[in-house]
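Structural overview for review
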Amino acid sequence: MIKVTVWNEYAHEKESEKVASIYPRGIHNAIADFLRCDDIEVRTATLDDPECGLTEDVLNDTDVLIWWGHIRHGDVPDNVVNRVRKSVLKGMGLIVLHSGHHSKIFRALMGTSCNLSWREDGDLERIWTINPAHPIAKGIGRYFELDGVETYAEPFGIPEPDEVVFMGWYEGGELFRSGCTFHRENGRIFYFQPGHETFPIFYNENVQTIIRNAVRWAAPVLRIPELDCPNVQRVHNVNK
Ligand code: ZN
């Protein structure tokens, strides 16, 4: 089983009737609902839980963490961010969705501004699969369309991704690297752009397939118990 924790700041759903009507049990539960299957076990955590629901025990028991945040990035305590960052370096997978591009954890792992340009007018987005052999693209066609999204536009202030799996094109003319992978020490990271709270993006079948594929791709291959820098003995003593 792959153990997934879906984290959501869980703010818009409590403050906006429109968002609550789309995600009545929160974005985290909408994601958890479609992820649960034979090989994926899911728990959820939110900002207002003690320790943001991301204690050492929870992280040690999480293979892949999914992150959705937007207006309360600044309320995530730095010690929690550091704990998550260390877990990724030790091998935990991380999937950052949509406005999570500006989360403390994504910026900490990227080391750059992660800035982009944006417009919220419900553009159609055509998402092109530009790396069809990538495991995250399995089952996705040449392209698919989302008929109402928040536009995110290049330049995207990220380091050069290890792989760009999807490119987004918007009817307003913009382009965006909508699905990118990164490796940080032992951990795998996938950033995926669709997912604005006022659009029912997480009910789209292609989006669900991509996030499910990303969970399987990001699951740890190797997980080390501690980040250490040991002084070691010679392997060979032949010449001594
Ligand atoms: Zn948004």
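Above: the structure in question.
Every value quoted in this text rests on a predicted model; they were computed, and no experiment measured them.

Conventions we followed
- Residues numbered from 1 in each chain as written.
- Predicted model: local features only at pLDDT ≥ 70, side-chain atom pairs only at ≥ 80, totals over all residues.
- Heavy atoms only, no water.
- Pairing = 2+ DSSP bridges.
- Helix = DSSP H or I, 4+ residues; strand = E, 2+ residues; numbered from the N terminus.
- Axes fitted to C-alpha atoms, helices over the stretch in contact; angles between N-to-C directions.
- Contact = heavy atoms within 4.5 Å.
- Buried < 20%, exposed > 50% of the residue type's maximum accessible area, 1.4 Å probe, protein only.
- Phe/Tyr/Trp six-rings, centres within 6.5 Å; stacked < 30°, edge-to-face > 60°.

Considering the sheet that holds strand 5 (residues 117-129)
- Across the sheet, nine strands lie side by side as 2-1-3-4-9-8-7-5-6; this open sheet has mixed pairing. Looking at strand neighbours, the two that pair on one side only are strand 2 (40-46) and strand 6 (143-153), the edges of this open sheet. Between one strand and the next, the sheet's axes are offset by a mean angle of 25 degrees, whatever the strand orientation.
- As paired strands, strand 1 (residues 2-8) and strand 2 are joined by seven bridges and run parallel to one another. Bridge pairing links Val 6 to Thr 44 in strand 2.
- Against the sheet, helix 3 (residues 26-35) touches strand 1, strand 2, strand 3 (64-68) and strand 4 (93-97), its axis set at about 160 degrees to strand 1.
- Against the sheet, helix 5 (residues 78-90) makes contact with strand 3, strand 4, strand 8 (175-184) and strand 9 (187-192), and its axis sits at roughly 115 degrees relative to strand 9, the strand it touches most.

Regarding the pairing of strand 1
- Across the seven residues that make up strand 1, a large majority, six, are buried.
- Relative to strand 3, strand 1 runs parallel, the two being bridged by five bridges. Opposite Val 6, over in strand 3, you have Ile 66 as the bridge partner.

Some points on the packing of aromatic side chains
- The tally for this structure, following the rule as stated, stands at 11 aromatic pairs.
- For the ring pair Tyr 152 and Phe 176, a centre distance of 5.7 Å and an interplane angle of 75 degrees mean the geometry is edge-to-face. Residue Tyr 152 is located in strand 6, and its partner Phe 176 is located in strand 8; the two are separated by 24 residues in the primary sequence. Take Tyr 152 and Phe 176: they sit in the same class, and that class is buried.
- Connected via pairs of aromatic rings, a cluster forms that spans Phe 106, Tyr 152, Phe 156, Phe 176, Phe 182 and Tyr 191.

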